[in-house]
Amino acid sequence: MARVWGIAVSVVMCVCAPVTYAGPPAYAEHQDLSYSLDEQGQRHAIQSPADWEQRRAQVVAHMESVMGPLPRPETPVPLEIEQQEEVDLGDGLVRRHITYHT
């Protein structure tokens, strides 16, 4: 029985070999968020919200590779914003002190 189990495990391991995922491209300079890299390492300027979403996904993937996955609640938590104070600063400027649930 042990021999049959060992053969079955090796067959399953061969069939279910992990697919290699290259992951997001490696950036030499992490502080410059004005461009993104494609799969070939070519630079592309961030020019639209869609471009930024792609770059943001790369940033999050790199961060999660180091820190582990970010917590994602099953249901979003409402912010419950409350305004504590409002001060008119003149010239059309208003300062508001708010609190919210995190």
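Just above sits the structure.
Keep in mind the model is a prediction, meaning the values are calculated, not measured.

## Observations concerning the overall build of the protein chain
Here is step 1: Summing up its helical and strand segments, the protein chain has 2 helices and 4 strands in all.
Here is step 2: Each helix (α) and strand (β) of the protein chain, taken in turn from the N terminus, gives the series α-β-β-α-β-β.
Here is step 3: Looking at the protein chain residue by residue over its 102 residues, the buried ones come to 10%.
Here is step 4: Accessible surface, the protein chain: about 9,100 Å² in total, of which carbon and sulfur atoms supply 59%.

## Examining unusual backbone geometry
Here is step 1: In this structure, Glu 80 is a non-glycine residue whose phi angle is positive, near 50 degrees.
Here is step 2: Tracing the sequence through the fold places Glu 80 in the loop between helix H2 (49-67) and strand E3 (82-90).
Here is step 3: Phi angles above zero are rare outside glycine, and Asp 91 is one such case at about 55 degrees.
Here is step 4: Summarising the element assignment, Asp 91 is placed in the loop between E3 and strand E4 (93-99).
Here is step 5: Exposure remark for Asp 91: the relative accessible area of 82% places this residue in the exposed category.

## Let's talk about a nonpolar patch on the surface
Here is step 1: Residues Met 63, Val 66, Met 67 and Leu 70 make up a contiguous nonpolar surface patch of roughly 390 Å² in combined accessible area.
Here is step 2: Take Met 67: it is sitting in helix H2.
Here is step 3: Residue class for Met 67 comes out exposed when judged on its relative accessible area of 58%.

## Brief notes about the pairing of E3
For a regular strand, the rule is simple: side chains alternate between the two faces of the sheet.
Here is step 1: Sheet topology places E3 next to E4; 7 bridges connect them, and they run antiparallel. Among the inter-strand pairings, Glu 86 is bridged to a residue of E4, identified as Arg 96.

## Looking at the pattern of salt bridges
Here is step 1: According to the stated counting rule, one finds 3 salt bridges in the structure shown.
Here is step 2: Residues Glu 64 and Arg 72 are paired through a salt bridge, measuring 2.9 Å at the closest nitrogen-oxygen approach.
Here is step 3: Classification of Arg 72 as exposed rests on a relative accessible area of 57%.
Here is step 4: Across the pair Glu 86 and Arg 96 runs a salt bridge whose closest N-O atoms are separated by 3.3 Å. Here Arg 96 lies in strand E4 and Glu 86 lies in strand E3, a separation of 10 residues in the sequence.
Here is step 5: With a relative accessible area of 45%, Glu 86 lands in the partly exposed category.

The rules we used
- Residues numbered from 1 in each chain as written.
- Predicted model: local features only at pLDDT ≥ 70, side-chain atom pairs only at ≥ 80, totals over all residues.
- Heavy atoms only, no water.
- Helix = DSSP H or I, 4+ residues; strand = E, 2+ residues; numbered from the N terminus.
- Buried < 20%, exposed > 50% of the residue type's maximum accessible area, 1.4 Å probe, protein only.
- Areas by Shrake-Rupley, 256 points an atom, 1.4 Å probe, with all protein chains shown as cover.
- Patch = residues over 30% accessible without salt bridge, like charges linked within 9 Å, V, L, I, M, F, W, Y side chains within 5 Å.
- Salt bridge = Lys/Arg side-chain N within 4 Å of Asp/Glu carboxyl O.
- Pairing = 2+ DSSP bridges.

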